[in-house]
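Chain by chain, the residues run as shown.
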Amino acid sequence: VAELMGLEVANASMYDGATAMAEGALIAVSSTRKRERIVVSPTVNPTYRKVLETYISGTPHTSTTLPAGDDPFRFDVSQLEGELDDGVACVVVQYPNFYGTIEDIEAIAEVVHDAGALLVVNTTPVPLALLRSPGELGADIAVAEGQPLGVPPSYGGPYVGLLATKQKHIRQMPGRLAGITTDEEGKRGFVLTLQTREQHIRREKATSNICTNQGLMATAATVYMSTVGPEGFREVANRSYQNAHYLASQVALVDGYAVESPEPFFHEFTIRCPIPAADVNRALLDRGILGGLDLGTVDPSLADCLLVCTTELHSCESIDRMVEALPAGR
């Protein structure tokens, strides 16, 4: 996880990606001291934003989601102008973002750090096999949902959150940290270290009330990563990327449909449809095809937009079948 994220230390898993993001923001608040405000990009997963707001309710911390810019599918770094005062602990962005677009993290990091704040990047592991890591681009803290690492959806869960940060923030990390040591016989061993959980130390000194971790799912993800190896993981990422761009090229040829996510995107992108996205999904389901996310459920102004995704498991034949099943406009 630390290698994928491009950061120095990772903990032994969180509940899921949403709570990992909230905990990442709280690391920033604890590390910057006296800074209580969290600024969030509008292109961050809206469900994750709600979890963050729940986390900080009843605390002195505040969360501000910036309004969407001229292009709702990409975060414009100029949106930070006038927002970054000395009360801002961190800025939270997503890479690739909720709509699939790959944000300019490096440019965002420069502006955030100039203001004395930290950058928290919410990401997903598969694209990181090919993309530059969040840490390399300037992230101080990176979080992700680990479910794509060989963990089946299982009717809604359980998932596994990933969290990594720079060494200097290690004492603010929640959950478990595993350290390497040697026993009295000189054999290498692993022990929990620098415990910050309220079950292990006085509650007022704890960094989090995380009370367990997703050990089974973390083990499954470890087995998956060990099995596919570095080359296999890059192949998974490459196939996911190629399939998405093939799907996008075919959708663009269908009358009334357009790809809205600006380049570059990875394996998710947004389609604008000639009819409501909900109607498109119903038509696809009638053909035995599970469509994308109806973005009207997130933002009513995007009721004609569909967020779609491909993985390495899709074939050109299955993609062609979906494109052929897209309903025509009224």
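For the structure, check the block above.
Reference entry: report on the structure contained in this document.

Most of strand β4 (residues 88–95) sits inside the fold, with eight of its eight residues counted as buried. Of the pairings in the sheet, the one linking strand β2 (residues 37–40) to β4 comprises four bridges and is parallel in character. Paired with Val40 across the two strands is Val92, which belongs to β4. Of the pairings in the sheet, the one linking β4 to strand β5 (residues 118–123) comprises six bridges and is parallel in character. Following the sheet pairing, Val92 is matched in β5 by Val120. Note on the crossover from β4 through helix α4 (residues 105–114) to β5: the handedness is right-handed.

The next subject is helix α8 (residues 316–325). Taken as a whole, α8 has its buried residues at Ile319, Met322, Val323 and Ala325. Each buried residue of α8 sits inside an arc of 165° when the element is viewed along its axis, so together they form one side. Of the exposed residues in α8, those oriented more than 90 degrees away from the buried face are Glu317 and Glu324. Contacts made by the buried residues of α8 are with α6 (215–251), α7 (277–286) and β13 (305–309).

Among all residues save glycine, negative phi is the norm, and among peptide bonds the norm is trans. Backbone torsion omega between Tyr95 and Pro96 reads -15°, so that peptide bond is classified as cis. By the element assignment, Pro96 lies in the loop between β4 and α4. In the segment running from Glu263 into Pro264, the intervening peptide bond is cis, with an omega of -5°. By secondary structure assignment, the location of Pro264 is in the loop between β10 (258–259) and β11 (268–272). Even without being glycine, Arg33 reaches a positive phi, approximately 55°. Looking at the element boundaries, Arg33 is found in the loop between α2 (17–32) and β2. One non-glycine residue, Lys34, adopts positive backbone phi at about 55°. Tracing the backbone shows Lys34 in the loop between α2 and β2.

The rules behind these values
- Residues numbered from 1 in each chain as written.
- Predicted model: local features only at pLDDT ≥ 70, side-chain atom pairs only at ≥ 80, totals over all residues.
- Heavy atoms only, no water.
- Buried < 20%, exposed > 50% of the residue type's maximum accessible area, 1.4 Å probe, protein only.
- Helix = DSSP H or I, 4+ residues; strand = E, 2+ residues; numbered from the N terminus.
- Pairing = 2+ DSSP bridges.
- Right-handed = clockwise from strand over helix to strand, strands pointing away.
- Arc of directions from axis to C-beta.
- Contact = heavy atoms within 4.5 Å.

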